[in-house]
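Summary of structural features
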Amino acid sequence: MSAHSAAKSIPSKGQAGADPYAIPLAKIDVSDSELFETDTHWGYFERLRKEDPVHYCAESDFGPFWSITRYDDIVHVEKNPEIFSSARSISVVDPDPDFPLEAGFITMDGPRHDAHRKVVQPVASPRNLTFLEPLIRQRVGEILDGLPVGETFDWVDRVSIELTTGMLATLFDFPYEQRRKLTLWSELATSAPEHNVGTMDVSVEERRAGLMECLQEFTALWKERQDTPRPERLDFVTALANAEATRGLEPLEYLGTLILLIVGGNDTTRNSISGGLVALNENPAEFRKLRANPGLIPNMVSEIIRWQTPLPHMRRTATQDTELAGKRIAKGDKVVMWYVSANRDEAVFERPNEFRIDRGNAKQHLAFGIGVHFCMGSRLAEMQLRVLWEEVLRRFSEVTVVGPPVRVRSNFVRGYTRLPVRVARA
Ligand code: HEM
């Protein structure tokens with residue numbers, strides 16, 4: 001198994017670095033992962049928003065698909081789940097027919113979705129967060145205190161992954177010292193070629209074996225926590241093992257739900273932690289503003305998530321013929337909502353490409369989606385980022401990116417595999 005190597009063999013389509021306005025509209029393919037790895041997707045989305053906001057790509061590595069690039073059109077798709085279904089797949093890529101792992105309730109529609117979501121939702125409720133926050137803060141403190149002051153280190157590995165995996169261990173009440181297993185399982189789940197995340201190179205057998213180990217370990221925890229009274233700090237496993245709607249889950253359904261909760265919280269939070277630091281380093285005036293007024297942290301957290309948009313898209317499948325912005329979408333068509341574009345939509349965000357920690361409407365971003373599938377962990381993620389920046393400001397006078405970030409080659413996860421950083425004590 002080797003990390004960070006898959007998907008590199010896909011040949012370049014020649015879009016990255018080219019002039020987005022020089023390519024015929026019909027040829028534009030924004031599912032091209034190289035655009036995200038090289039951070040050169042912006043011009044393509046800007047052009048689509050202006051010239052063809054509901055755009056048909058007839059040929060891509062993932063078959064034909066529609067791209068929805070304006071904010072309001074995405075809201076329309078999200079708010080009409082009976083026309084735009086989540087059931088087939090939530091990414092531009094279709095599921096692997098040989099290992100069709102339903103990814104929990106994010107790939108369900110209607111009442112079944114609602115019943116499953118309701119079971120785990122209380123873990124992310126404001127009341128439960130007040131119990132979780134002190135433990136998360138303590139773990140953030142330990143991780144920051146262990147950083148090598150004055151030396152270059154990889155922020156992705158030492159901070160973003162550590163914090164995220166620590167948060168996940170807290171949410172599952174999973175043995176903290178074994179937390180890196182959660183990172184491994186998340187990467188295994190998304191490493192199948194069809195996910196196109198490209199952070200790990202594994203064989204189909206290795207992937208299955210790893211995920212079955214995940215199921216085994218979590219089944220043991222399930223058994224321990226079955227028929228127990230609700231703990232003060234509710235965790236995902238206890239919630240699932242004791243609720244009417246989920247206590248009879250089949251093993252593969254349980255695995256699907258676990259994977260959703262692990263993956264849902266992993267790449268997203270991790271890349272918001274890295275992305276925030278990149279944004280502050282690229283915008284030193286904003287970093288100064290933050291130091292002068294730490295009260296801006298909660299708003300900055302929303303701006304970081306808007307600016308980074310760690311999941312560039314979600315996909316729906318049309319359940320019937322329909323029309324959107326004058327285009328006829330046929331039953332069965334793939335409809336891809338590009339949040340990464342909506343969050344830079346000039347009609348909603350003034351000077352959208354600027355990172356401004358006091359932006360008035362930063363919270364209006366669509367990085368968490370909107371509607372029935374709105375991110376269940378949004379408050380958790382915001383809390384994790386808020387606590388991180390509060391603790392960083394308390395400890396360090398400088399947090400400096402000292403080399404070029406390495407980005408993930410994926411159209412589904414927008415993030416970083418490496419970010420060299422140095423810190424200096426306050
Ligand atoms: C910055 C961090 C995060 C971002 C940007 C993010 C983004 C998203 C997006 C875009 C969706 C789909 C929304 C839609 O289709 O309308 C989603 C759903 C979901 N997220 Fe997050 N997420 C983040 C953190 C988390 C965390 C920490 C967890 C919990 C462990 C989590 C759990 C979920 C779950 C369970 C769903 C499925 C909701 C449903 O189908 O009803 N997410 N997230």
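To be clear, the structure that these remarks concern was listed above.
Residues numbered from 1 in each chain as written. Predicted model: local features only at pLDDT ≥ 70, side-chain atom pairs only at ≥ 80, totals over all residues. Heavy atoms only, no water.

Quick notes on the overall build of the chain
Cut-off, in case you're wondering: Labels follow the DSSP assignment, with helices taken as runs of H or I lasting at least four residues and strands as runs of E lasting at least two, numbered in each case from the N terminus. C-alpha atoms define the radius of gyration in this analysis, and the globule rule sets the expected value at 2.2 Å times the number of residues to the power 0.38. Three labels apply to residues, based on accessible area from a 1.4 Å probe with only protein chains included: buried if under 20% of the type maximum, exposed if over 50%, partly exposed otherwise in between. It only takes one pair of heavy atoms within 4.5 Å for two residues to be counted as in contact. Computed with the Shrake-Rupley method and a 1.4 Å probe, the accessible areas treat only the protein chains shown as cover for residues.
Assigned secondary structure in the chain consists of 14 helices and 14 strands. Taken against the 2.2 N^0.38 rule, which gives 22 Å for 426 residues, the C-alpha radius of gyration of the chain at 21 Å falls within 12% of a compact globule. Principal-axis analysis of the C-alpha atoms gives the chain an extent of 55 × 55 × 40 Å. A total of 426 residues make up the chain; the buried ones form 58% of that total. Counting contacts in the chain only where the partners sit at least 6 residues apart, residues at least 24 apart contribute 70% of the total. Counting only carbon and sulfur atoms, one obtains 53% of the accessible surface of the chain, whose full area is about 17,200 Å².

Remarks on the packing of helix 6 (residues 155-172) against helix 14 (residues 378-395)
Applicable threshold: In this description, a line fitted to the C-alpha atoms serves as the axis of each element, helices being fitted only across the stretch in contact, and the angle between N-to-C directions of two axes falls anywhere from 0 to 180 degrees. An angle below 35 degrees is read as roughly parallel, one above 145 as roughly antiparallel, one from 65 to 115 as roughly perpendicular, and any other as oblique. Note on convention: near helix rotated counterclockwise from far helix by under a right angle means a left-handed crossing. Clockwise means right-handed. Residues are grouped as follows: Ala, Val, Leu, Ile, Met, Phe, Trp, Tyr, Cys and Pro are nonpolar; Asp, Glu, Lys and Arg are charged; all remaining types, including Gly, are polar.
It is at 12 Å that the axes of helix 6 and helix 14 come closest, and there the two elements cross at 130°. Classed by the angle they form, the pair helix 6 and helix 14 counts as oblique. Both helix 6 and helix 14 take part in a crossing whose hand is right-handed. Side by side, helix 6 and helix 14 meet where Trp155, Val159, Leu163, Met167 and Leu171 of the first sit next to Leu380, Gln384, Leu388 and Val392 of the second. The residue makeup of the contact of helix 6 with helix 14, split by class, is eight nonpolar, one polar and no charged.

Observations regarding the coordination of the iron atom of the ligand
In plain terms, the rule: Think of the donor list as every N, O and S atom within 2.8 Å of the metal, or within 3.2 Å for Na, K and Ca; water never makes the list, so a site can look incomplete.
Exactly one donor from the protein chain reaches the iron atom of the ligand: Cys375 (SG), at 2.3 Å. With respect to the helices, strands and loops of the structure, Cys375 is situated in the loop between helix 13 (339-342) and helix 14.

Description of the sheet that holds strand 11 (residues 396-401)
Counted only if it meets this: In short, DSSP must find at least two bridges between two strands for them to pair.
Read from one edge of the open sheet, three strands run 5-14-11, paired in antiparallel fashion. A strand with exactly one partner marks an edge of an open sheet, and here the two such strands are strand 5 (153-154) and strand 11. Here five bridges tie strand 11 to strand 14 (residues 420-425), and the two strands are oriented antiparallel to one another. By the bridge assignment for strand 14, Glu398 is matched with Ala424. The sheet contacts of helix 10 (residues 251-282) involve strand 11 and strand 14, and relative to strand 11 the element is tilted by about 95°.

Here we look at the pairing of strand 7 (residues 313-318)
Counting buried positions along strand 7 yields six of six residues, so the element is predominantly enclosed. One ladder, built from two bridges, connects strand 4 (residues 84-85) with strand 7; its direction is antiparallel. Of the residues in strand 7, the one forming a bridge with Phe84 is Ala318. Note: strand 7 against strand 10 (residues 334-338), five bridges, orientation antiparallel. Within strand 10, the residue paired with Met314 across the bridge is Met337.

Some words on helix 10
Which entries qualify depends on this criterion: Helix span is expected to be 1.5 Å times the residue number reduced by one.
Taking 1.5 Å of rise per residue, the 32 residues of helix 10 would be expected to cover 46 Å, and the 46 Å separating its terminal C-alpha atoms lies within 8% of that figure. The buried fraction of helix 10 amounts to 26 of the 32 residues, a majority that puts the element mostly inside the structure.

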